[in-house]
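The primary structure of each chain is shown beneath.
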Amino acid sequence: MTQGHLVQRFAWGVGLFAAALGLRLAAEPLLPPGFPFLTFFPAVIITAFVAGAGPAILCATLSGIAALYFFIPPERSFALDLQSGVAISFFAIICALDILIIDRLTTTLAALRAEREKALHHAEQRDTLFKELQHRIGNNLQSVSALLNIQMRAVTDPAAKRALADAVQRVGIIADIHRMFHDPAHADGRIDEDFVRELAERCIAAVGAGDKVSLVTSITPIALPQDKFLPVALIMTECINNALEHGLGARDHATIEVMLTRTGTDCELTVRDDGPGLAPGFDVVKARSIGMTVLRAFAGQLDGHFTMISDSGTICRLTFRAPVIEDRMEVAWSASGLKAAQHT
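Each chain has its residues counted from 1, following the order in which its sequence is written. Whole-chain, interface and lining totals are the exception, using all residues; otherwise, since this is a predicted model, local features are given only for residues with pLDDT of at least 70 and side-chain atom pairs are given and counted only at 80 or more. Excluding hydrogens and water, the side-chain figures rest on all heavy atoms present in the structure.

Peer 1: What am I meant to see in the side chain of Thr47 here?
Peer 2: By the criteria applied, helices consist of DSSP H or I runs no shorter than four residues and strands consist of E runs no shorter than two, each listed in order from the N terminus. By secondary structure assignment, the location of Thr47 is in helix α2 (residues 40-51). Contacts were defined at the residue level, with two residues in contact if any of their heavy atoms lie within 4.5 Å. Each residue touching Thr47, except ones within four places of it in the same chain, is listed here: Trp12, Gly13, Leu16, Gly52, Pro55, Ala56 and Cys59.

Peer 1: What is the right way to read the pattern of salt bridges from this model?
Peer 2: Opposite charge on two side chains allows them to pair when their charged atoms are near. Salt bridge, as applied in this entry: a Lys or Arg side-chain nitrogen positioned within 4 Å of an Asp or Glu carboxyl oxygen. Summed over the entire model, instances satisfying the criterion amount to eight salt bridges. The shortest N-O distance in the salt bridge between Arg104 and Asp103 comes to 3.0 Å. Using a relative accessible area of 23% as the deciding quantity, one classes Asp103 as partly exposed. The buried label applies to any residue whose accessible area, calculated with a 1.4 Å probe on protein chains only, is under 20% of its type's maximum; exposed applies above 50%, and partly exposed to all values in between.

Peer 1: Would you explain the state of the cysteines in this entry?
Peer 2: In protein chemistry, a disulfide is the covalent bond that joins the sulfur atoms of two cysteines. Here, a disulfide means two cysteine sulfur atoms that sit within 2.5 Å of each other. Using the criterion set out here, one finds zero disulfides in the structure. No disulfide involves Cys59; its sulfur sits 8.0 Å from that of Cys95, the nearest cysteine.

Peer 1: I would appreciate a short explanation of the nonpolar core in the present structure.
Peer 2: Nonpolar side chains in soluble globular proteins generally cluster together in the buried interior. Residues Ile191, Ile235, Val258, Phe306 and Phe320 are the most contacted members of the largest nonpolar core, which totals 46 residues. Excluding residues that lie within four positions of it along the chain, Ile191 makes contacts with Val196, Ile219, Thr220, Pro221, Ile222, Leu224, Phe229, Val232, Met236 and Leu260. Listed in part, the 21 residues of the second largest apolar core include Phe17, Cys59, Phe71 and Ile99. Each nonpolar core is a collection of buried residues, namely Ala, Val, Leu, Ile, Met, Phe, Trp, Tyr and Cys, held together in the definition by side-chain atoms within 4.5 Å.

Peer 1: Sorry if this is basic, but what is going on with the packing of aromatic side chains here?
Peer 2: In this description, a pair of aromatic rings is defined by centroid distance and the angle of the planes. Planes of paired rings set the category: under 30 degrees apart is stacked, over 60 is edge-to-face and the rest tilted, where pairs are Phe, Tyr or Trp rings (Trp by its six-membered ring) whose centres lie within 6.5 Å. Enumeration according to the criterion identifies nine aromatic pairs in this entry. On the basis of an interplanar angle of 35° and a centroid distance of 5.0 Å, the ring pair of Tyr69 and Phe78 is categorised as tilted. By relative accessible area, Tyr69 is classed as partly exposed at 26%. Consider the rings of Phe70 and Phe71, whose centres lie 6.0 Å apart with planes at 45°: the pair is tilted. When its relative accessible area of 22% is taken as the criterion, Phe70 is described as partly exposed. Look at NZ for Lys and CZ for Arg. If either is within 6 Å of the ring centre and within 35 degrees of the ring normal, a charge sits over the ring. In this structure, Arg24 packs its charged tip against the face of Phe71, placed 4.3 Å from the ring centre.

Peer 1: Any chance you could explain unusual backbone geometry here in plain terms?
Peer 2: With glycine set apart, most residues show a phi of negative sign, and most peptide bonds adopt trans. Cis geometry marks the peptide bond from Pro73 to Pro74, where omega comes out at -5°. Locating Pro74 in the fold gives a position in the loop between α3 (53-70) and α4 (82-154). Phi is positive for Asp303, which is not a glycine, with a value near 55°. In this fold, Asp303 is placed in the loop between α8 (290-301) and β6 (305-310). The exposure class assigned to Asp303 is exposed, which follows from its relative accessible area of 71%. Here the phi dihedral of Ser312 falls at roughly 55°; this positive angle occurs in a residue that is not glycine.

Peer 1: Teacher, can you tell me more about the sheet that holds strand β7 (residues 314-321) here?
Peer 2: For sheets, the rule is that strands pair by backbone hydrogen bonds, running either parallel or antiparallel. Read from one edge to the other, the open sheet built from five strands follows the order β2-β4-β5-β7-β6, with strand pairing classed as mixed. Two strands lie at the open edges of the sheet, namely β2 (213-219) and β6, each paired on one side alone. Within this sheet the neighbouring strands show an average axis-to-axis angle of 10°, counted without direction. At least two DSSP bridges between two strands are needed for those strands to be called paired. Here strand β4 (residues 254-263) pairs with strand β5 (residues 266-273) via eight bridges, running antiparallel. Across the sheet, Ile256 pairs through a bridge with Asp273, a residue of β5. Simply put, an axis is a line fit to the C-alpha atoms, just over the touching stretch for a helix, and the angle between two N-to-C directions goes from 0 to 180 degrees.

Peer 1: Mind showing me how you'd approach helix α6 (residues 193-206) here?
Peer 2: For an α-helix, 3.6 residues make a turn, and residues three or four places apart therefore share a direction. The end-to-end C-alpha separation of α6 is 20 Å, in line with the 20 Å expected for 14 residues at 1.5 Å each. Among all positions of α6, only Phe195, Val196, Leu199, Ala200, Cys203 and Ile204 are buried. For α6, the arc enclosing every buried residue in end-on projection is 165°, short of the 170-degree limit, so these residues lie on one face. Projecting away from the buried face of α6 at angles above 90 degrees are the exposed residues Asp194 and Ala205. To estimate the expected span of a helix, count its residues, drop one, and scale the result by 1.5 Å. Directions are taken from the helix axis to each C-beta atom, and the arc is the one they span.

What follows is the structure, given as structure tokens:
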């Protein structure tokens, strides 16, 4: 604490004492006898809150002396008898208790404020490190995708080449989703119209069908934690890829519709195409393809239910429950607001 700040604190004590004395002298003609400390108690309490214990003790000492001299009989003297001694002792005890309580309270509040600042700082560091970790995971996944792509070029067997191509696409999409989850443009975990269209357009571009597909979206924005965000995004990707593979096929044009609705904690994701529909006898539970296995696995991770039916094309539908969580941009605003309030 600087000397200037210390002088300022004690100046508060002296100034509030002077104000209390002036107010008490002005009110003297209006008051009945027996209220020598009326304006001094508030001055001591305010000084303790504003300037601390030391200035409050100074204010209380000056107040006691002034009350004894001006307002306790015999006035204009420092003579002490039993009655005036009891009054001064009472004033001193009450002031001491007030100062002690307020000092402990302000010390505790200061400690809590410091701990809160420390916790916010640690939370910011944790979030930064976590985002960096996720960014590195995305880079590593892209490296895996590149290695698989190199291996695919060296393979001549058509089935193996197709399997590696599917693996390259899936790993690349997972890497993209990791990046998108932590991209501020998508509000960290928010699945909205922009996110769905960006993800779908990446899938369409990956198979070179940009001019053959009309994409229709109807999205109710929802914010999801990462353990639900990634499975939902991956299921959406698989369904869009399935629509591109089977709904578009060799046709010149196809329409793919992606819908996301929410009622309370119940969510429903629907991906529809206008292709030929499912093969006769198709059963999503019994299907053994990699795509169907992925869809069932992620639906199970969500404790959700996944179905596929034919209805003027193919309809893939995922129903799942998700907690209603506060939008992370609002959380960040609230945290910054709290932090600003702590400095005022």
